[in-house]
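Given next are the chains, with one letter for each unit.
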Amino acid sequence: MTSTPLLGSSGIRARVLRLPICGKLINRFLDVPSPFFHKNSPADNALAQLIEHTFQQDTRPWALNIGSRSQHKEKILNLDIMQNGEADVIADATYMPFMDNTFDLIINIAVMEHTQAPHIIASECYRILKPGGKLYCAIPFFQMYHPDPIDIQRYTITGIANLFKEFKPIESGVELGPASALSLTLREFFAILFSCNSTLLYNLFQVFFGYLTYPIKFLDYFLVRNRFAFMIACSVYFVGEKR
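This structure is a prediction, so every number in the text was calculated from the model and none was measured. (Residues numbered from 1 in each chain as written. Predicted model: local features only at pLDDT ≥ 70, side-chain atom pairs only at ≥ 80, totals over all residues. Heavy atoms only, no water.)

1. Topic: the packing of aromatic side chains
Here is step 1 of the chain: Overall, the coordinates contain 17 aromatic pairs when judged by the stated rule.
Here is step 2 of the chain: On the numbers, 5.8 Å between centres and 75° between planes, the contact of Phe-164 with Phe-167 is edge-to-face. Taken as a pair, Phe-164 and Phe-167 share a single burial class, namely buried.
Here is step 3 of the chain: With a centroid separation of 5.8 Å and 45° between ring planes, the pair formed by Phe-194 and Phe-205 is classed as tilted. With Phe-194 in the loop between α6 (178-193) and α7 (199-213) and Phe-205 in helix α7, this pair connects stretches of sequence that are eleven residues apart.
Here is step 4 of the chain: Residue Phe-194 is classed as partly exposed on the basis of its relative accessible area of 39%.
Here is step 5 of the chain: An aromatic cluster of three or more residues is present, and its members are Phe-189, Phe-190, Phe-194, Phe-205, Phe-208 and Phe-209.
Here is step 6 of the chain: Stacked on the ring of Trp-62, the Lys or Arg Arg-60 has its end atom at 4.7 Å from the ring centre.
Here is step 7 of the chain: Seen from the ring of Tyr-126, Lys-242 lies directly overhead, with NZ or CZ sitting 5.2 Å from the centre. (Phe/Tyr/Trp six-rings, centres within 6.5 Å; stacked < 30°, edge-to-face > 60°. Buried < 20%, exposed > 50% of the residue type's maximum accessible area, 1.4 Å probe, protein only. Helix = DSSP H or I, 4+ residues; strand = E, 2+ residues; numbered from the N terminus. Lys NZ or Arg CZ within 6 Å of the ring centre and 35° of its normal.)

2. Focus on the nonpolar core
Here is step 1 of the chain: Ranked by internal contacts, the top residues of the largest apolar core, which has 32 residues, are Leu-64, Ile-66, Leu-79, Met-96, Ile-106, Leu-135 and Phe-164.
Here is step 2 of the chain: At five residues, helix α4 (residues 118-128) tops the list of elements feeding residues into this core.
Here is step 3 of the chain: In this structure, Ala-63, Tyr-136, Ala-138 and Val-239 belong to the second largest nonpolar core, which totals 13 residues. (Core = buried A, V, L, I, M, F, W, Y, C linked by side-chain atoms within 4.5 Å.)

3. So, the pairing of strand β1 (residues 63-66)
Here is step 1 of the chain: By the alternation rule, side chains of β1 split into Ala-63 and Asn-65 and Leu-64 and Ile-66, which are all buried.
Here is step 2 of the chain: Inspection of the sheet shows β1 paired to strand β4 (residues 103-109) by four bridges, in the parallel sense. Bridged to Ala-63 within β4 is Leu-105.
Here is step 3 of the chain: In this structure, β1 lies alongside strand β2 (residues 77-80), joined through three bridges in parallel fashion. Opposite Ile-66, over in β2, you have Leu-79 as the bridge partner. (Pairing = 2+ DSSP bridges.)

4. Describing helix α3 (residues 42-55)
Here is step 1 of the chain: Taking 1.5 Å per residue as the helical rise, α3 with its 14 residues ought to reach 20 Å, and the 20 Å between its terminal C-alpha atoms agrees with that figure.
Here is step 2 of the chain: Three or more residues of α3 are buried, namely Pro-42, Ala-43, Ala-46, Leu-47, Leu-50 and Thr-54. Along α3, the residues classed as buried sweep out an arc of 135° about the axis, all on the same side. (Expected span 1.5 Å × (residues − 1). Arc of directions from axis to C-beta.)

5. What about α6?
Here is step 1 of the chain: The end-to-end C-alpha distance of α6, which contains 16 residues, comes to 22 Å, matching closely the 22 Å that a straight helix rising 1.5 Å per residue would cover.
Here is step 2 of the chain: Listed as buried for α6 are Pro-178, Ala-179, Ser-180, Ala-181, Ser-183, Leu-184, Arg-187, Glu-188 and Ala-191.

6. Some thoughts on the packing of α6 against α7
Here is step 1 of the chain: Where α6 contacts α7, the two axes come as close as 8 Å, and the packing angle between them is 140°. Considered as vectors, α6 and α7 are oriented oblique to each other. In the crossing of α6 with α7, the sense of the turn from one axis to the other is right-handed. Contacts from Ser-183, Leu-186, Arg-187, Glu-188, Phe-190, Ala-191 and Ile-192 in α6 reach Tyr-202, Phe-205, Gln-206, Phe-209, Gly-210 and Thr-213 in α7.
Here is step 2 of the chain: Class assignment for the residues of the contact of α6 with α7 results in seven nonpolar, four polar and two charged. (Axes fitted to C-alpha atoms, helices over the stretch in contact; angles between N-to-C directions. Parallel < 35°, antiparallel > 145°, perpendicular 65-115°, else oblique. Left-handed = near helix turned anticlockwise from the far one by under 90°. Contact = heavy atoms within 4.5 Å. Nonpolar A, V, L, I, M, F, W, Y, C, P; charged D, E, K, R; others polar.)

Here it is, written out as structure tokens:
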């Protein structure tokens, strides 16, 4: 027997927004602060350096961002499976409409958990990168179920390296640390605990406990670079080069 995934807090926010009176005002309160803390993450530094290095080249570089909602717009081509207002190319990443050896840099953030064929996408990235081109990929490890439109898998720090084993590894590590994972997990745990199997209560308690637990994420300023952070990292990253 299969069960229908719950709406989540975004579902109740969409309903509230349609209220004729105070809908937008109430919706601001329901917009819970993110449980993710990026500052001091080695992943952000690695990505910034890759982008800077790519666009410092003498020749006109080509860079591709797979999954256009990760906000990499300027000078970067955005590919997505559907149009959400930011995509330049609408295509399936398992068969990208580009010639071999086209791109100098590929960015792939929070995409691979939503595909049924991650190894095919990894091979496609290798195919369309130029020799010496770089890949940056970040994938959740310790995170809640979040279909968009599906949610299939998670990766450990060794799992993401194995996924991109065709590439020469340059760097890998923790993108979002254990405090972000705990903040998100506690929000979901208590929302489930007090939901009484009610979707409405689950959605409301997501908001309530979201406000209570989000400050935990700030501990990642110290924990994200801890040598053991990968054990329950919220997400991990990999930087590789086409051989």
